[in-house]
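Close look at the chain arrangement
These are the residues of each chain, in order.
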Amino acid sequence: QVQLVESGGGLVQAGGSLRLSCAASGRTSSRYAMGWFRQPPGKEREFVASISSNAYTTYYVDAVKGRFTISRDNVKNTVYLQMNSLKPEDTAVYYCAGRRSVLASTRRDEHDYWGQGTQVTVSS
């Protein structure tokens, strides 16, 4: 079993920053690519960012490029999402996801493990 637990969400004003963390436990592997997805109110879950197992490759949805940074610490079994210059449209439940592959993916259906989500709310 693999368990993913997100933390770091909260309420922040527009223009502010948050750093989300995703701690993995159980039968984890540093060879797993990881990703972040989000689900705004009333919308479907969407891709945000992903990172390969060795952190060589990263992907971002266009809406967050230049503002968000995904990173990982394989010794700590933790993945991060640094979110800067936050906008109200970033408001969503953010989910950490793991994939049994070394290659990063942007697809929901190519991820095997999911956290419970953490709420990020950005006020005007």
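Residues numbered from 1 in each chain as written. Predicted model: local features only at pLDDT ≥ 70, side-chain atom pairs only at ≥ 80, totals over all residues. Heavy atoms only, no water.

**A word on the sheet that holds strand S3 (residues 18-26)**
Strand order in the open sheet formed by 4 strands is S1-S3-S8-S7, with antiparallel pairing between adjacent strands. Bordering the open sheet on either side are strand S1 (2-7) and strand S7 (68-73), each of which pairs with just one other strand. Strand after strand, the sheet turns through a mean of 15° between neighbouring axes, direction not considered. Sheet analysis places S1 next to S3, joined by 6 bridges and oriented antiparallel. What sits directly across from Val 5, in S3, is Ala 23. (Pairing = 2+ DSSP bridges. Helix = DSSP H or I, 4+ residues; strand = E, 2+ residues; numbered from the N terminus. Axes fitted to C-alpha atoms, helices over the stretch in contact; angles between N-to-C directions.)

**A few points about the packing of aromatic side chains**
By the definition in use, this model includes 3 aromatic pairs. Their ring planes at 15° and their centres at 5.8 Å tell us that Tyr 32 and Tyr 113 sit as a pair that is stacked. On the criterion of sequence distance, the pair formed by Tyr 32 in the loop between S3 and strand S4 (33-39) and Tyr 113 in strand S10 (residues 113-114) is long-range, its members being 81 residues apart. Assessed through its relative accessible area of 12%, Tyr 32 is described here as buried. Ring centres of Phe 37 and Trp 114 lie 5.1 Å apart, and the angle between their planes is 55°; on these two criteria the pair is classed as tilted. Of this pair, Phe 37 sits in strand S4 while Trp 114 sits in strand S10, and the two are 77 residues apart along the sequence. Judged by its relative accessible area of 0%, Phe 37 falls in the buried class. Classification of Trp 114 by relative accessible area gives partly exposed; the value is 27%. Every member of this aromatic cluster is reached through a ring pair, and the members are Phe 37, Phe 47 and Trp 114. Over the ring of Trp 114 we find Arg 45, and its NZ or CZ is 5.0 Å from the ring centre. (Phe/Tyr/Trp six-rings, centres within 6.5 Å; stacked < 30°, edge-to-face > 60°. Buried < 20%, exposed > 50% of the residue type's maximum accessible area, 1.4 Å probe, protein only. Lys NZ or Arg CZ within 6 Å of the ring centre and 35° of its normal.)

**Let's talk about unusual backbone geometry**
Phi angles above zero are rare outside glycine, and Ala 55 is one such case at about 70°. By secondary structure assignment, the location of Ala 55 is in the loop between strand S5 (46-51) and strand S6 (58-60). Its identity is not glycine, yet Ser 85 carries a phi of approximately 50°, on the positive side. Note on placement: Ser 85 falls in the loop between strand S8 (78-83) and strand S9 (92-99).

**Examining the side chain of Thr 91**
Relative to the elements of secondary structure, Thr 91 occurs in the loop between S8 and S9. On the accessibility criterion, Thr 91 (16% relative accessible area) is buried. Side-chain polar atoms of Thr 91 contact the backbone nitrogen of Val 122, separated by 2.9 Å. Those residues in contact with Thr 91 that sit more than four places away from it in its chain are Pro 40, Pro 41, Gln 119, Val 120, Thr 121 and Val 122. (Polar contact = N/O pair within 3.5 Å; in protein donor to acceptor, adjacent residues only side chain to side chain. Contact = heavy atoms within 4.5 Å.)

Purely geometric stuff here, so don't read any function into it on its own.
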